[in-house]
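Observations on the three-dimensional arrangement
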Protein chains: 4
Amino acid sequence: MSPREEAVQTMSNSPKQTLVDIQSSHDERNIAIDKVGVRNVKYPMYVRERDNGPQHTHGVFTLTVDLPREYKGTHMSRFLEVLGDHNHDLSVETIPHVLAKLREKLHADTAHLEVRFTLFREKAAPVTGKVGMMGYECGFSATGGTTNCFELLLTVPVTTLCPCSKEISSFGAHNQRGYVSVRVKPNGETLWLEDVIDMIEACGSAQLYPVLKRPDEKFVTEQAYENPRFVEDMVREVALAFDKDDRVKAYEIEVENHESIHDHNAYAFLKREKE
Amino acid sequence: MSPREEAVQTMSNSPKQTLVDIQSSHDERNIAIDKVGVRNVKYPMYVRERDNGPQHTHGVFTLTVDLPREYKGTHMSRFLEVLGDHNHDLSVETIPHVLAKLREKLHADTAHLEVRFTLFREKAAPVTGKVGMMGYECGFSATGGTTNCFELLLTVPVTTLCPCSKEISSFGAHNQRGYVSVRVKPNGETLWLEDVIDMIEACGSAQLYPVLKRPDEKFVTEQAYENPRFVEDMVREVALAFDKDDRVKAYEIEVENHESIHDHNAYAFLKREKE
Amino acid sequence: MSPREEAVQTMSNSPKQTLVDIQSSHDERNIAIDKVGVRNVKYPMYVRERDNGPQHTHGVFTLTVDLPREYKGTHMSRFLEVLGDHNHDLSVETIPHVLAKLREKLHADTAHLEVRFTLFREKAAPVTGKVGMMGYECGFSATGGTTNCFELLLTVPVTTLCPCSKEISSFGAHNQRGYVSVRVKPNGETLWLEDVIDMIEACGSAQLYPVLKRPDEKFVTEQAYENPRFVEDMVREVALAFDKDDRVKAYEIEVENHESIHDHNAYAFLKREKE
Amino acid sequence: MSPREEAVQTMSNSPKQTLVDIQSSHDERNIAIDKVGVRNVKYPMYVRERDNGPQHTHGVFTLTVDLPREYKGTHMSRFLEVLGDHNHDLSVETIPHVLAKLREKLHADTAHLEVRFTLFREKAAPVTGKVGMMGYECGFSATGGTTNCFELLLTVPVTTLCPCSKEISSFGAHNQRGYVSVRVKPNGETLWLEDVIDMIEACGSAQLYPVLKRPDEKFVTEQAYENPRFVEDMVREVALAFDKDDRVKAYEIEVENHESIHDHNAYAFLKREKE
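Residues numbered from 1 in each chain as written. Chains lettered and ligands numbered in written order. Predicted model: local features only at pLDDT ≥ 70, side-chain atom pairs only at ≥ 80, totals over all residues. Heavy atoms only, no water.

Turning our eyes to something else, we now look at the overall build of chain A. Helix and strand content of chain A: seven helices and nine strands. In terms of C-alpha radius of gyration, chain A reaches 25 Å, well past the compact-globule figure of 19 Å for 275 residues. When its C-alpha atoms are laid out on the principal axes, chain A stretches across 85 × 55 × 40 Å. Here chain A, with 275 residues, has 60% of them falling under the buried criterion. Of the contacts formed within chain A by residues at least 6 apart in sequence, a portion of 65% connects residues at least 24 apart. Distance between charge centroids for chain A: 2 Å, based on 33 positive and 43 negative side chains. (Helix = DSSP H or I, 4+ residues; strand = E, 2+ residues; numbered from the N terminus. Rg over C-alpha atoms; globule rule 2.2 N^0.38 Å. Buried < 20%, exposed > 50% of the residue type's maximum accessible area, 1.4 Å probe, protein only. Contact = heavy atoms within 4.5 Å. Lys, Arg positive; Asp, Glu negative; His and termini not counted. Charge placed at Lys NZ, Arg CZ, Asp CG, Glu CD.)

So, about the interface of chain A and chain D. Counting residues at the interface gives 62 residues for chain A, matched by 62 residues for chain D. Across the chain A/chain D interface, buried area totals approximately 5,200 Å², and carbon plus sulfur atoms make up 56% of it. It is Arg39, Arg236 and Tyr267 of chain A in chain A that bury the most area against chain D; as a group they hold 15% of the surface buried on that side. For the interface between chain A and chain D, the tally reads 16 salt bridges. (Buried area = accessible area lost by both parts, 1.4 Å probe. Salt bridge = Lys/Arg side-chain N within 4 Å of Asp/Glu carboxyl O.)

Residue and element names in this part refer to chain A. The domain boundaries assigned to chain A delineate domain 1 (32-116) and domain 2 (148-275). Averaged C-alpha coordinates put domain 1 and domain 2 at centres separated by 30 Å. Domain 1 puts nine residues into the contact, and the matching count from domain 2 is ten residues. Summing both sides of the interface, domain 1 and domain 2 together bury roughly 880 Å²; the carbon and sulfur share of this comes to 59%. In terms of surface lost to domain 2, no three residues of domain 1 exceed Arg50, Val92 and Arg116, which account for 59% of the buried area on that side. Our enumeration of links across domain 1 and domain 2 arrives at three salt bridges. (Domains from an automatic or database assignment.)

This part takes up the environment of Val182 of chain B. In this fold, Val182 of chain B is placed in strand β6 (residues 175-186). Excluding residues within four positions of it along the chain, Val182 of chain B makes contact with Leu152, Leu153, Leu154, Val196, Ile200, Val238, Phe242, Glu252 and Ile253 of chain B.

Bringing unusual backbone geometry into the picture now. Trans peptide bonds make up the majority, and among non-glycine residues the majority have a negative phi. Located in the positive-phi region is Asn40 of chain A, a residue other than glycine, with phi close to 65°. Relative to the helices and strands, Asn40 of chain A is located in strand β1 (residues 33-48).

On to the packing of helix α2 (residues 76-86) of chain B against helix α3 (residues 95-106) of chain B, then. Residue and element names in this part refer to chain B. Here α2 crosses α3 at 150°, and the two axes come no closer than 10 Å. Here α2 lies roughly antiparallel to α3, going by the angle between them. Considering the relative orientation of α2 and α3, their crossing is right-handed. Touching Arg78, Phe79, Glu81, Val82 and His86 of α2 are Val98, Lys101, Leu102, Lys105 and Leu106, all from α3. For the contact of α2 with α3, a count of residues per class yields five nonpolar, one polar and four charged. (Axes fitted to C-alpha atoms, helices over the stretch in contact; angles between N-to-C directions. Parallel < 35°, antiparallel > 145°, perpendicular 65-115°, else oblique. Left-handed = near helix turned anticlockwise from the far one by under 90°. Nonpolar A, V, L, I, M, F, W, Y, C, P; charged D, E, K, R; others polar.)

Once that is clear, we can look at the side chain of Thr221 of chain A. Assignment of secondary structure puts Thr221 of chain A in helix α6 (residues 214-226). Ignoring sequence-local partners within four residues, the contact set of Thr221 of chain A consists of Ser165, Ser169, Phe171, Gly172, Ala173 and His174 of chain C.

Moving on: the pairing of strand β4 (residues 131-145) of chain D. All names here are of chain D. Of all 15 residues in β4, eleven are buried, a share of seventy percent or more. Two elements, strand β3 (residues 110-124) and β4, share 15 bridges in a ladder whose sense is antiparallel. Bridge pairing in β4 places Thr110 opposite Gly145. The turn joining β3 and β4, which pair antiparallel and follow one another in sequence, is formed by six residues; a positive phi near 75° is taken by Gly129. Connecting β4 to the next strand, strand β5 (residues 149-161), in antiparallel fashion are three residues. (Pairing = 2+ DSSP bridges.)

Now for the relation of the copies chain C and chain B. Once chain C has been moved 0.0 Å along the axis and rotated by 180°, it coincides with chain B to within an RMSD of 0.1 Å. Given the turn and translation reported, the copies of this chain are related as if by a two-fold rotation axis. By residue overlap, the copies meet face to face through one surface: 100% of the interface positions of chain C are interface positions in chain B. (Least-squares fit on C-alpha atoms with pLDDT ≥ 70 in both.)

Side chains of residues three or four places apart in an α-helix project in the same direction, reflecting 3.6 residues per turn. Inspection of α2 of chain B places Met76, Ser77, Phe79, Leu80, Glu81, Val82 and Leu83 of chain B among the buried residues, and these make up the whole buried set. Looking at the packing, one finds that the buried side of α2 of chain B touches β1 (33-48), β2 (54-67) and α3 of chain B together with α7 (231-244) and β9 (265-273) of chain C.

Looking now at the environment of Cys138 of chain A. Residues and elements named next belong to chain A. Its location among the elements puts Cys138 in strand β4 (residues 131-145). Accessibility expressed as a relative area gives 1% for Cys138, which makes it buried. Placed 55 residues apart in sequence, Cys138 and Leu193 show a C-alpha to C-alpha distance of 7.6 Å. Beyond its immediate stretch of four places on either side in the chain, Cys138 contacts Val115, Arg116, Phe117, Leu119, Leu153, Leu154 and Leu193.

Below you can see the structure in the form of structure tokens.
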């Protein structure tokens, strides 16, 4: 029997009845940690829809709490236990309860939740009315405790047609898929993900659709040509829409056009706190 | 009025009542296309579970058909229409109907469907029995028409502990998350995604779990140390499991260990047709 | 002193002078492995350019060999050693030497190398001649030993403008960035990555450029409008170009248009072995 | 001749000698934009090394400027022209010149540059001294104009071994690859990317290496077992190292362990402004 095998056997025989809670031991380094927890947690969830009951989807979660300077570590398994108890209905109204439970179970002052998920909506073609489902990348970012914060996260794809290309060219104009990514802080009143999607889609040269028959394709092609938009126009139009809506308190807007004439993207960014 | 504006106005005024079906026009290049269709289509779907009713999830689809040499193009919108009609229950039994409908609507000899989705299963910790959900990346790849084929696709994460590191070290052994990716061709009889997951998870140094309390963590740590596995061991163990199961007709196995001691991965690949 | 601490101390004191080569031990499972090695290895490299000396870049490598049924494992560190010795000039001519060295050092019948890297080329705007650098995602896939194979891998972005949208619309036409991905098997004679890029770029509605001033943008906009291309047209045009070139022996072509009017992509695929 | 064809012909014949600069036209929306420019620009570049001359690599750039409320758009091609002139030597010392040039050419008050690239370093195994190259994901984030800022960005992989798993288990301990991502604001004095890498690698349970022979693997396995680290330990140890170094003025540290026993990651985050 090799020394290692012997040693292992010795260890296997010695029952360790008490499993030390090493996380709760005292830490001497005197450094509080802003956020500690779990990330990239895939979990089934329900998100409340504006026009229907809760929609079943799944999210990718980051769940964290602060860790005071005196503790060596947090208890990671408890985040999963809280998530398992609270994924039944995630929305502006219910997330504060999840945060409260995280603070309680982890003995923390502040808790954070960020989740990304795909929200599906039925979408009808603009002329024929043919219906299909379109998936939107959405999310919530929330903090509860010594500070409180709630944000809606969305990335909405649109068509953008270049005003310069249209103006200088004898015919045609380059256009492409653009992605509008926003963080929106609501002002207390209910602001649905669907409301924000509607506001953003109204700002593009044209909207995207799952199903387009020929009369629809003619419609969106001509509509885009008649509504050219730079990335600069996109951030400004979305900003105007958010400025007009009292339910929006603060926002960040990021637009990225996957230029059809370049291998790089056109980009614009705008951040505002309304008062 | 600029020449372009004038021209555009002229065009706008001329009603185009008939929208030419340019896709159906004759193509002179004399080149048949193997696969043409749509890719990266996100769509809600239901997948049949072994132990419960259908599970709601969403998939990322590629849908294609062959295109004979004489046609200029296919009709992309029809793929979305067929998908919208058939996403209610996707499984070994129902996918042939989707393929038949694609062939019919696209006037094609052969149709292909590939879909990737996350399947969630409840999973209990090995000692305390604490339960959480674990999401598995799954998929189906199917061909119907002049050739027929059906494959289950899965990527299952496991713990792998290095036999060499254990053997040569006085204590400890490096271990890491490994990913086992398989394509499995069933032999007619029903083979569930869950069956394949179970087979693969039994081959690792230890399984992964959503929730592990201290007694569970002690268990999986010691279990892994007692069951060291190279990537070579992993492909062979999974191959043995597939060889023993008569429902498996052919398979590909790919294992990638995200080595904890390197910034690169250890990798093994095996492909077999049973007879 | 806890039992574990005692055990660990015992183990630390026992010198393990001979480090067993566990990989070379006999394997009883009787399963040969097709490919075993390392993946996702980032390494600096030089790739030979058609029009200049070797270009410095870095690659992401997969290096594998076959493993006979009687061995438990391969020796992963040797792959890195061979790579370190041979990354100075990777091309059609030199890769066979790397494969030979891998077979020798790993006592294997067959070795495989796959590498992906970015190749930069100077590219001038079509009217003003303004110059910038454009990076192309390239690669080599090679097998040497009992079977021999060599393929060039490329993904080349182009502009594609929809023929249907142009035909049915009174003005404008949707267009977007499309990605043409190919695997090309040369027929012995030298076929440069740059040759393949040139062939593919000539097939799009227009090419992409790093720098476009206004006269250039007018040019590419109008050029695209005058050269509409479906994904079906793209695979056929590239196939025609490959068919005409005797240096090409076999090929796979995959085109994916990031449709500006949909959130999904149009897709076509073609695979041919010549004569 | 169809109306569209006629129209197109009309347009083609009318020479557009003056190409309107639509970007410079007046914008009525009264919204200044924080950042506008180009993103995902791949470009070859040289980065200054601490121990050698400049290293050739390539970067992925975001280049932006502010846009005053009165202008409709910026001039995207100029970003590429400035980049083409200044990619020869990017470092703490030279980036301010790039930013100055961007402000000048775009008539902007403030310019931003963010670039991500792979930096390769030779790294020797800890016992045998066998040498290989290891690539580190690095970057710079810089702002110049009405505000000034400069940050080093790095993601350094390390081995982390779980203190809890070690303590409660009779033998073994789960370990994994962890990723330490930092943003570091230097205090004027030169702080090399290599300095930050060295500080971070010293904080792990063990370092990662490109080449490890058996005596090296024994060494790193035992070293990791003797130096267990939670994500909480990692952020604190790196914070201590940054606190001790006067060249560091402010920092953010993010650690993510790809847990070998879970399919999710352990995560910790810390942000500090010194004094």
